[in-house]
Amino acid sequence: MGKIADKTDRRKMLRYGAITYAVVWFARLFATSVTEIILLSFLGGLFATRIIIVVFAQFCGFARGKHILRNVVFWELWLMFGKLFAFVLIILSVAKFEVAFIMAGILSLFYLFV
């Protein structure tokens, strides 16, 4: 998938990955069987991988030729802050367990702004 990201428009790949990843999160609300949960988890992993590959390819293009270690630390630091922010937001705003899936889907759409 990395070679595809190098040859095609990364913005389109990222947009497609973010939207489909959000749809998978919303679809998880309606999963009623083990088979559906496994299928949605598989699809979620595919679309999350697509997002990460595109974002990391953009990052590597930016970091090339500069202080690579500083850029990697910057990447990892903000990635952890983002995960912590999403976790705290979901924990503080969840009255029902199902709302967590909706919040995860909405937060997935923030990849459109990368």
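Note that the structure is predicted; figures quoted are calculated from it, not measured.

Asker: I keep staring at the overall build of the protein and nothing clicks. Help me out?
Answerer: Summing up its helical and strand segments, the protein has five helices and zero strands in all. Along its sequence from the N terminus, the protein presents helices and strands in the succession α-α-α-α-α. By the burial criterion, 28% of the 114 residues in the protein qualify as buried. Of all intrachain contacts in the protein linking residues separated by at least 6 positions in sequence, the fraction that spans at least 24 positions is 63%. Element-wise, carbon and sulfur atoms account for 75% of the exposed surface of the protein, whose accessible area totals about 8000 Å².

Asker: Can you help me understand helix 3 (residues 34-63) in this one?
Answerer: Helical geometry: 3.6 residues make up each α-helical turn, so side chains three or four residues apart lie on a common side. Helix length check: helix 3 (30 residues) gives 42 Å between terminal C-alpha atoms against 44 Å at 1.5 Å per residue, within 8%. Turning to helix 3, its buried residues are Leu 40, Gly 44, Phe 47, Arg 50, Ile 51, Val 54, Val 55, Ala 57, Phe 59 and Ala 63.

Asker: Help me understand a nonpolar patch on the surface, please; the structure alone is not making it clear to me.
Answerer: On the surface, a nonpolar cluster with roughly 990 Å² of combined accessible area is contributed by Phe 74, Leu 77, Trp 78, Phe 81, Leu 84, Phe 87, Val 88, Ile 91 and Leu 92. Among the secondary structure elements, Leu 77 is positioned in helix 4 (residues 68-93). Overall, Leu 77 belongs to the partly exposed group, its relative accessible area being 44%.

Asker: Where do I start with the confidence of the model for the protein in this structure?
Answerer: In low-pLDDT segments, the atomic positions of the prediction should not be examined closely. Averaged over every residue, the pLDDT of the protein is 81; the share at 70 or more is 89%. Highest mean pLDDT in the protein belongs to helix 2 (residues 10-27) (88); lowest belongs to helix 1 (residues 2-7) (66).

What counts, and where the lines are drawn
- Residues numbered from 1 in each chain as written.
- Predicted model: local features only at pLDDT ≥ 70, side-chain atom pairs only at ≥ 80, totals over all residues.
- Heavy atoms only, no water.
- Helix = DSSP H or I, 4+ residues; strand = E, 2+ residues; numbered from the N terminus.
- Buried < 20%, exposed > 50% of the residue type's maximum accessible area, 1.4 Å probe, protein only.
- Contact = heavy atoms within 4.5 Å.
- Areas by Shrake-Rupley, 256 points an atom, 1.4 Å probe, with all protein chains shown as cover.
- Expected span 1.5 Å × (residues − 1).
- Patch = residues over 30% accessible without salt bridge, like charges linked within 9 Å, V, L, I, M, F, W, Y side chains within 5 Å.
- Salt bridge = Lys/Arg side-chain N within 4 Å of Asp/Glu carboxyl O.
- pLDDT = per-residue confidence, 0-100.

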